[in-house]
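Structural overview for review
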Amino acid sequence: MNKPIYILGIESSCDDTAAAVIFNSKILSNVVASQKIHEEYGGVVPELASRAHQQNIVPVVASALKKACVSKEQLSAVAYTRGPGLMGALLVGSSFAKSLAMGLDLPLIEVNHMQAHILAHFIEDDSQTKPDFPFLALTISGGHTQIVKVTDYFNMEIIGQTIDDAVGEAFDKSAKILGFPYPGGPLIDKYAQLGNPNAFSFTKPKVGDLDFSFSGLKTAILYFVQNNTKTNPNFIKENIADICASIQFTIVDYLMDKLKNAVKETGIKEVAIGGGVSANSGIRKALKKAETDFGWKTHIPNFDYCTDNAAMIAIVGELKYKQNDFSDINVASKARMTF
Ligand code: KG4
Ligand code: ZN
């Protein structure tokens with residue numbers, strides 16, 4: 001009989017220290033320690049992130065193994081995020097993964113974080129559906145905004161991307177203007193659900209067909225808030241739900257415009273979203289609606305696999321393990337990485 005395959009996934013690319021164990025494409029444990037320290041600085045401070053990863057990594061991995069009821073000795077391989085991300089943060093996860101693999105004499109598997117956001121759809125989970133190839137993936141996070149044509153697990157082509165800020169940054173920077181703590185994206189979403197999306201209008205940025213730009217939107221929101229608070233100092237407080245709903249509506253509508261262009265250009269109507277911003281209620285609703293409006297087949301990930309997590313690293317580890325795609329101990333972490 002074949003030995004059962006248990007893969008430990010480790011993620012440390014930004015400000016979440018995470019570990020997960022997968023077996024037969026099912027997640028046995030998914031532990032995330034989010035670093036609160038960055039809140040007071042209004043953004044992720046790389047040096048503090050590295051230090052927090054160092055403090056968190058041992059308890060997080062121990063907890064993932066314990067929750068999965070899997071011992072270190074039962075593991076088949078260790079998968080870790082090689083990049084893209086903050087170099088200091090990546091190094092903590094990769095050094096830990098390499099030492100563990102070496103100590104236990106296990107194969108090591110390197111994972112591309114952005115590929116993992118997409119391949120999280122292949123986790124066996126009743127609350128999500130698996131896309132058929134080929135499909136389009138809209139990866140929306142704090143660091144990336146891309147439209148990717150996926151023809152196979154590891155055959156991915158970026159067909160559109162942001163030329164400046166990522167969509168998560170647009171949410172977080174708008175939130176900062178409104179006085180929300182970092183990361184403010186989820187708070188904009190929370191208030192947006194109570195407001196009128198047509199209360200205020202913001203011009204959608206204009207760049208190429210499938211590319212994105214968010215820096216102009218951030219400036220437009222800043223001027224809008226500054227002008228209105230000049231005449232009414234309580235403007236934000238009195239209109240917070242409508243402001244958030246209008247910002248969210250503009251961003252979601254813009255993402256959907258680009259997706260519609262991508263579907264038109266590729267003829268592919270199978271569409272998935274991934275990354276932290278795919279937790280947003282507006283984009284989730286818009287995507288569902290596209291099934292009836294345009295006949296798309298859409299795939300929305302379980303909330304647990306949207307923001308940074310190690311379950312997505314573990315599923316890629318399992319897929320690569322089955323293809324005997326292992327990584328050398330000397331492979332270096334990479335802050336910037338494409339597919
Ligand atoms: O994928 P992720 O956890 O980390 C990166 O790889 O960047 O994404 C984090 C981003 C942050 O910008 C956060 O504000 C945003 O995802 N985010 C949201 C929501 N939940 C997380 N943005 C809008 N609405 C949400 N519900
Ligand atoms: Zn991410």
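Scoring rules and cut-offs
- Residues numbered from 1 in each chain as written.
- Chains lettered and ligands numbered in written order.
- Predicted model: local features only at pLDDT ≥ 70, side-chain atom pairs only at ≥ 80, totals over all residues.
- Heavy atoms only, no water.
- Axes fitted to C-alpha atoms, helices over the stretch in contact; angles between N-to-C directions.
- Helix = DSSP H or I, 4+ residues; strand = E, 2+ residues; numbered from the N terminus.
- Parallel < 35°, antiparallel > 145°, perpendicular 65-115°, else oblique.
- Left-handed = near helix turned anticlockwise from the far one by under 90°.
- Contact = heavy atoms within 4.5 Å.
- Nonpolar A, V, L, I, M, F, W, Y, C, P; charged D, E, K, R; others polar.
- Disulfide = S-S within 2.5 Å.
- Pairing = 2+ DSSP bridges.
- Buried < 20%, exposed > 50% of the residue type's maximum accessible area, 1.4 Å probe, protein only.
- Donors = N, O, S within 2.8 Å, 3.2 Å for Na, K, Ca; no water.
- Domains from an automatic or database assignment.
- Buried area = accessible area lost by both parts, 1.4 Å probe.

Orientation of helix H6 (residues 215–231) relative to helix H7 (residues 235–266), taken along the N-to-C sense of each, is 160 degrees, at an axis distance of 12 Å. Our classification of the angle between H6 and H7 gives roughly antiparallel. As H6 packs across H7, the resulting crossing turns out to be right-handed. Contacts from Leu 217, Ile 221, Phe 224, Val 225, Asn 228 and Thr 229 in H6 reach Phe 235, Ile 236, Ile 243, Ile 247, Thr 250 and Ile 251 in H7. For the contact of H6 with H7, the class distribution of residues is 9 nonpolar, 3 polar and no charged.

Summed over all chains, the structure comprises 0 disulfides. The cysteine Cys 14 is free of any disulfide, with Cys 306 supplying the nearest cysteine sulfur at 16 Å.

Moving on, we get to the sheet that holds strand S3 (residues 26–34). The 5 strands lie next to each other as S3-S2-S1-S4-S5, forming an open sheet whose pairing is mixed. At either end of the open sheet lies a strand with only one pairing partner, and these are S3 and strand S5 (108–112). Between one strand axis and the next, the sheet turns through 20 degrees on average, direction left out of account. Relative to S3, strand S2 (residues 16–23) runs antiparallel, the two being bridged by 8 bridges. The residue bridging Ala 19 from the neighbouring strand is Val 31, located in S3. Helix H1 (residues 46–68) contacts strand S1 (6–11), S2 and S3 of the sheet and is inclined by roughly 25 degrees relative to S2.

Here we take up the pairing of strand S9 (residues 270–274). For S9, the buried fraction is high: 5 of the 5 residues fall into the buried class. Of the two faces of S9, the one lined by Glu 270, Ala 272 and Gly 274 and the one lined by Val 271 and Ile 273 are each fully buried. Looking at chain direction, strand S6 (residues 135–140) and S9 are connected through 4 bridges and run parallel. By the bridge assignment for S9, Ala 137 is matched with Ala 272. Two elements, S9 and strand S10 (residues 297–299), share 3 bridges in a ladder whose sense is parallel.

Turning next to the environment of Lys 173. In this fold, Lys 173 is placed in helix H4 (residues 167–177). On the accessibility criterion, Lys 173 (28% relative accessible area) is partly exposed. Sequence-wise, Lys 173 and Ile 163 are 10 residues apart; in three dimensions their C-alpha atoms are separated by 17 Å. With residues near it in sequence (within four places) discarded, Lys 173 still touches Asp 165 and Lys 218.

Attention now goes to the coordination of the zinc ion (ligand 2). Every protein donor of the zinc ion (ligand 2) is listed here as His 113 (NE2), His 117 (NE2) and Asp 308 (OD), and their distances to the metal cover 2.1 to 2.2 Å. As a motif over one chain, the donors of the zinc ion (ligand 2) read H-x3-H-x190-D. Of this pair, His 117 sits in helix H3 (residues 113–119) while Asp 308 sits in the loop between S10 and helix H9 (311–322), and the two are 191 residues apart along the sequence. By relative accessible area, Asp 308 is classed as buried at 15%.

In terms of domain boundaries, the chain breaks down into domain 1 (6–120 + 306–322) and domain 2 (131–300). Across the boundary between the two partners, domain 1 contributes 17 residues, which contact 18 residues of domain 2. Of the roughly 1,500 Å² buried where domain 1 meets domain 2, counting both sides, 77% is carbon and sulfur surface. The three residues of domain 1 that bury the most area against domain 2 are Met 114, Ile 118 and Cys 306, which together make up 39% of that side's buried surface.

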